[in-house]
Amino acid sequence: MTERIVILGGGIFGPATGKSELLGVLLEDGRISAVAKDIVVDGAREIDAKGLIVAPGFVDLHTHLREPGLEYKEDIASGTRAAARGGFTTVCAMPNTEPAMDNASIVEHVRREADARAAVRVLPIGAVSKGRKGTDLAEMGDLAAAGCVAFSDDGAPVYDATLMRRALEYANGLGLAIIDHCEDPSLAHDAVMHEGWVSTRLGLRGAPSAAEGAAVARDIALAEATGAHVHIAHVSTRGAIEAIRAGKARGVRVTAEVTPHHLTLTDELVAFGAHGGWDLMYDTNAKVNPPLRSADDVEACVAGLADGTIDCIATDHAPHAVIEKLCEFDDAAFGISGLETAFGLCMRLVHEQKISLETLIERLTIGPVRALGLDRFAPGIGTLDVGAPADFVLLDPDAEWVVDAASFASKGKNTPIDGVALKGAVVATYVGGVRVDRAEVLVG
Ligand code: DOR
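In short, a report on the structure. In this numbering scheme, every chain counts its residues from 1 along its sequence in written order. Only residues with pLDDT of at least 70 get local features here, since the model is predicted, and only at 80 or more are side-chain atom pairs given and counted; chain-wide, interface and lining totals rely on the full set of residues. Water and hydrogen atoms were dropped before computing side-chain values, which therefore reflect all heavy atoms in the structure.

### Quick look at the sheet that holds strand E15 (residues 230–232)
Right, on to step 1. What makes two strands pair is DSSP finding at least two bridges between them. Strands are runs of DSSP state E lasting at least 2 residues, helices are runs of H or I lasting at least 4, and numbering of each runs from the N terminus. If you trace the 5 strands from one edge of the open sheet to the other, you get E11-E12-E15-E16-E17, paired in parallel fashion. Each of the sheet's edge strands pairs with one partner strand only, and the pair in question is strand E11 (151–152) and strand E17 (312–313).
Right, on to step 2. Pairing of strand E16 (residues 254–258) with E17 involves 2 bridges; the strand directions are parallel. The partner of Glu257 across the bridge, within E17, is Cys312.
Right, on to step 3. Every residue pair with non-hydrogen atoms within 4.5 Å of one another is taken to be in contact. Axis definition: a line fit to C-alpha positions, over the contact stretch in the case of helices; interaxial angles, taken between N-to-C directions, run 0 to 180 degrees. Seen against the sheet, helix H7 (residues 210–226) touches strand E12 (178–180), E15 and E16 and runs at an angle of roughly 160° to E15.

### Some details on the site of the ligand
Right, on to step 1. Nearness is judged by heavy atoms alone; a residue qualifies as near a molecule or strand once a single heavy atom is within 4 Å of it. Around the ligand, a shell composed of 14 residues is seen, among which Arg66, Asn96, Asn289, His320 and Phe334 lie nearest.
Right, on to step 2. Polar contact is the term for a pair of N or O atoms within 3.5 Å; when the atoms are in protein, one must be able to donate a hydrogen and the other to accept it, and sequence-neighboring residues count only if both atoms are side-chain atoms. Phe334 places a polar main-chain atom, nitrogen or oxygen, 3.0 Å from a nitrogen atom of the ligand.
Right, on to step 3. In the complex, the protein chains occlude 94% of the 290 Å² of accessible area that the ligand would expose alone.
Right, on to step 4. Note on residue classes: Ala, Val, Leu, Ile, Met, Phe, Trp, Tyr, Cys and Pro are nonpolar, Asp, Glu, Lys and Arg are charged, and everything else, Gly too, is polar. Of the residues assigned to the shell around the ligand, the class counts are 3 nonpolar, 8 polar and 3 charged. Accessible surface area values rest on a Shrake-Rupley calculation with a 1.4 Å probe, where residue burial reflects the displayed protein chains alone.

### What to know about the sheet that holds strand E5 (residues 31–36)
Pairing between the strands of a sheet is mediated by backbone hydrogen bonds and can be parallel or antiparallel.
Right, on to step 1. Spatially, 4 strands are ordered E5-E4-E1-E6 in an open sheet, and the strand pairing comes out mixed. The sheet terminates laterally at E5 and strand E6 (45–48), the two strands that pair on one side only. Within the sheet, the average angular offset between the axes of one strand and its neighbour, ignoring direction, is 20°.
Right, on to step 2. As defined by bridge partners, strand E4 (residues 24–28) adjoins E5 across 5 bridges and the pair is classed as antiparallel. Looking at E5, one finds that Leu26 is bridged to Ala34.

### A short note on unusual backbone geometry
Right, on to step 1. In this chain, Glu98 is followed by Pro99 through a cis amide linkage whose omega measures 5°.
Right, on to step 2. Position of Pro99 among the secondary structure elements: in the loop between strand E9 (88–93) and helix H2 (104–117).
Right, on to step 3. The peptide bond linking Asn289 to Pro290 adopts the cis configuration, its omega dihedral lying at 0°.
Right, on to step 4. Looking at the element boundaries, Pro290 is found in the loop between helix H10 (268–272) and helix H11 (295–307).
Right, on to step 5. In this structure, His189 is a non-glycine residue whose phi angle is positive, near 45°.
Right, on to step 6. Along the chain, His189 falls in the loop between helix H5 (185–188) and strand E13 (193–194).

### A word on helix H12 (residues 342–351)
Right, on to step 1. Exposure is judged per residue with a 1.4 Å probe applied to protein chains only, and the accessible area is read against the type maximum: over 50% gives exposed, under 20% gives buried, and values in between give partly exposed. Counting buried residues in H12 gives 8 out of 10 residues, a clear majority hidden from the surface.
Right, on to step 2. Where H12 is concerned, the buried positions are Ala342, Phe343, Gly344, Leu345, Cys346, Met347, Leu349 and Val350.
Right, on to step 3. A positive backbone phi angle near 60° is found at Gln353, which sits one or two residues after H12.

### Focus on the pattern of salt bridges
Right, on to step 1. Basic side-chain nitrogens of Lys or Arg form a salt bridge, by our definition, when they fall within 4 Å of a carboxyl oxygen of Asp or Glu. Evaluation of the coordinates by the stated rule reveals 25 salt bridges.
Right, on to step 2. The partner of Arg85 in a salt bridge is Glu340, and the shortest N-O contact between them spans 3.6 Å. Here Arg85, found in helix H1 (residues 76–85), pairs with Glu340, found in the loop between E17 and H12; they are 255 residues apart in sequence, far enough to count as distant.
Right, on to step 3. A relative accessible area of 4% places Glu340 in the buried class.
Right, on to step 4. Ionic contacts of the salt-bridge type, sharing partners, join the residues Glu67, Glu113 and Arg117 into one network.

### Concerning helix H8 (residues 238–249)
Right, on to step 1. What a helix should span is 1.5 Å times the count of its residues minus one. Between its first and last C-alpha atoms H8 spans 17 Å; for 12 residues at 1.5 Å apiece the expected length is 16 Å, and the two agree.
Right, on to step 2. Within H8, the full set of buried residues consists of Ala240, Ile241, Ile244 and Gly247. Considered in projection along H8, the buried side chains sweep an arc of 125° and stay on one side of the axis.
Right, on to step 3. Count one or two residues on from H8 and you reach Gly251, which has phi positive near 90°. The directions considered for the arc run from the helix axis to the C-beta atoms.

Next up, the structure:
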């Protein structure tokens, strides 16, 4: 029997106009069948969205699900539950697993496990090089045939420029992008944070902004030379954004993402923590790569997101075990568990009137889908178009809640904003018309 669900009373974002309007949405058998003013309920189950925003489910191009091999940090079940709580209905799984996702059998394993245990859609990203070692290309054709939606050695850059050139050429032939973690290791060395006054004050090794800018400039030059598509992961510096803006203006096939933390937090968090104490904190939960940058870089990231230089927001959700953060700053792992705080953190920009709610939702939904052409793999995601899967979120832009890392669905409790009050919450997340979150735990 056809299951019919009608969502009534919400401000609907997404269909056609990209604006928020009061409409009804009819879902039939897990797909959107109508979006209109006068929906006839006709015995359908009703979802009351009064006072809420109804938006397409968020799409994350950059999630570390850690499976296979690193399940003590996260696994497909826990990572996708975290995604559901954060409003994400599709996540792209990064290949820095153990072993790396560099061959078809590992991709098949991840897809099979995701089919069995994931709360949201999982699209795998294959490694660029064997073992992500940066020396020999992975079997990119096999990875594409197994269902990879892009290639990346994320966690490490593709340092060798000739290997990157070849990877771009192969990826182009396969119609896919290379997602590069842009960092010139000969400049960044073994830095543990951003190079600036904070790193000097703390006596920690800093990575200069130019380490990212130089790598981005190289990638844009190679994309231009090959005609291939490069996607810049987690952009964090003004210089990189200016290079991307100029590349796009020249018609280079370059797209980019920025994380919620690089849009809202600075390197001062490493020193003082989120609660602004005067004691030096050396907060390992603020250790992430690329590092939290200066206020000027944050401003450039926001401007780049607003003007479309940056195509989308991606979480770089990087869960780690407690022991990997409860140690000296030098020894701590890089990464922030970001799925469950992404929307609330980004809503700061809306409340501070730096970007509109429409722009924010666009950059979390259709923005990432367009950036990598994900519509080919999961038609209709990131939209509320008729015929699209009923992947949607109910959002309360004004709900206030306090981040409680201990209650995260993710195994990774590593957030530098634990205990911080946020305004803007995901109330419910649906995939194919089925509710997949337990938002009442998250929303205080
Ligand atoms: O902070 C980070 N953590 N940056 C990366 O590029 C990788 C990630 C991880 O996998 O932990």
